[in-house]
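# Architecture and fold: a report
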Amino acid sequence: MSLLADTTTDTPETQQSETTVPDAAPTATIPGASAHTDSAAAFVPDQSRAERTASFDVADFPLPSGREEDWRFTPVKKLRDLLAEGAAGRLDLSTQLPEGVTTSTVSAADARGLGILPPQDRAAVVAAAAADGALLLDIPAEAELDEPIRLSLAGQGGEPVHGHLVVRAGRFSKATVVVEHTGSGRYSQLVSVVTGDGSDLTVVSVQRWADDAQHLAQHDALVGRDASYKHVSVTLGGEVVRVNSNVRYAGPGGDATLLGVYFADSGQHLEHRSYIDHNAAHCKSRATYKGALQGATARTVWVGDVLIRAEAEGTDTYELNRNLILTDGARADSVPNLEIETGEIEGAGHASATGRFDDLQLFYLQSRGISEDEAKRLVVRGFFADIIREIPLADLRDEVTAAIEEELASTAYAAPTQHTPSTTNKEN
């Protein structure tokens with residue numbers, strides 16, 4: 001890989017995966033790939049989320065122009081180097097590994113043999129192909145870790161970097177993995193998670209890049225039978241950051257939660273996409289993303305896709321996106337999508353809302369002697385609080401809270417607050 005590793009454990013031999021589900025991790029292009037060409041058909045959205053391409057072959061993903069459904073919100077012209085094959089750059093990697101947790105480097109073929117999900121866009125497939133293998137993080141079966149596993153990736157600028165991280169959680173294990181991104185760089189990343197049956201895994205991805213950084217990421221999870229998986233994305237830095245979080249189930253009884261917190265300043269494009277593929281019966285999912293924006297050119301995007309297949313009876317799912325506009329000129333795009341192929345479900349729904357501050361909240365705080373700027377910061381803290389509470393481990397919650405406080409400390413609000421907030425809601 002194009003990473004410098006400084007780990008606290010020895011490198012073991014790669015072990016055989018405990019749970020492999022070939023049907024849940026297809027390696028060939030799925031139906032509908034013919035729509036992804038340079039013809040006019042490339043710009044017609046697929047009829048179903050299931051039709052989109054999923055493949056380990058770079059040739060199956062032409063360079064996007066920005067007119068495709070998957071890329072229409074993204075500033076593709078700025079990302080040409082990351083979407084092209086080949087890279088010469090590197091990131092510095094440091095790790096903190098609790099006892100029993102190991103890392104090793106495996107080949108691309110061995111990584112596929114673990115049952116990982118195939119890439120679903122150009123950036124992810126290029127990352128997997130150009131990474132020169134994958135870094136495998138192994139959590140032993142039945143391990144219950146009281147401290148988080150930490151991987152810190154620091155960019156030094158320069159050439160584009162491609163990386164592939166595979167996280168394997170053994171049966172009935174319980175762990176939290178924190179992946180932090182800092183510094184300056186251009187990074188294309190694939191993170192592949194495979195959770196064993198009955199396991200409980202939380203992955204926290206923190207993007208605190210420098211202002212000039214670019215980061216394209218796909219974080220996939222194959223959730224084992226009766227397993228719990230939680231993915232938390234905290235995005236506070238970078239010029240262009242796009243994180244795709246995808247989930248599929250290896251058996252019934254799986255529970256997946258996708259959470260996101262993002263704060264965009266002027267000049268930042270922060271994009272989050274989630275896709276939960278309910279392909280097994282009696283599984284549950286929740287997706288909740290919240291963002292705040294300030295600055296005339298601040299831009300955020302959230303696209304949430306949920307597919308409930310015909311065989312996924314007993315599904316229980318809900319997705320929610322909320323965006324808080326702090327200044328004039330900021331723009332938040334929110335697109336929830338729900339596709340249902342069976343009526344035999346427990347429940348399914350989605351909601352989306354984008355608006356300004358609540359004037360009544362501000363009036364209440366100011367009537368008690370709090371300045372307008374501080375009142376607005378208190379509202380933002382409360383806005384994010386319910387998601388931060390979902391992060392396991394008090395120390396980790398404090399770290400995320402401190403990062404948001406640092407962002408708020410430099411905030412200068414310009415939006416007028418004398419009028420009734422303009423709010424857009426989409427509820428189903």
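Residues numbered from 1 in each chain as written. Predicted model: local features only at pLDDT ≥ 70, side-chain atom pairs only at ≥ 80, totals over all residues. Heavy atoms only, no water.

Pairing of side chains with opposite charge becomes possible as their charged atoms draw close. Across all of its chains, the model carries 25 salt bridges by this definition. The residue arginine 168 makes a salt bridge to aspartate 138 at a minimum N-O spacing of 2.6 Å. Within this pair, whereas arginine 168 is found in strand 6 (residues 161-169), its partner aspartate 138 is found in strand 4 (residues 134-139), the two being separated by 30 residues in sequence. Neither arginine 168 nor aspartate 138 differs from the other in exposure class; each is buried. (Salt bridge = Lys/Arg side-chain N within 4 Å of Asp/Glu carboxyl O. Helix = DSSP H or I, 4+ residues; strand = E, 2+ residues; numbered from the N terminus. Buried < 20%, exposed > 50% of the residue type's maximum accessible area, 1.4 Å probe, protein only.)

Below, the discussion takes up the pairing of strand 7 (residues 174-184). Here strand 5 (residues 149-156) runs beside strand 7; their pairing, made up of eight bridges, is parallel. Following the sheet pairing, leucine 151 is matched in strand 7 by valine 179. As defined by bridge partners, strand 7 adjoins strand 9 (residues 200-209) across 10 bridges and the pair is classed as parallel. Looking across to strand 9, one finds that threonine 176 is bridged to threonine 202. (Pairing = 2+ DSSP bridges.)

In this description, an aromatic ring pair is defined by two values, namely the gap between the centres and the angle between the planes. Applying the stated criterion across every chain, the model contains three aromatic pairs. An angle of 55° between the planes, with centres 5.3 Å apart, marks the rings of phenylalanine 383 and phenylalanine 384 as tilted. An identical accessibility class is assigned to phenylalanine 383 and phenylalanine 384; each is buried. Against the face of tyrosine 275 rests arginine 49, its NZ or CZ located 3.8 Å from the ring centre. Its end group placed over the ring of tyrosine 364, arginine 368 keeps NZ or CZ at 3.9 Å from the ring centre. (Phe/Tyr/Trp six-rings, centres within 6.5 Å; stacked < 30°, edge-to-face > 60°. Lys NZ or Arg CZ within 6 Å of the ring centre and 35° of its normal.)

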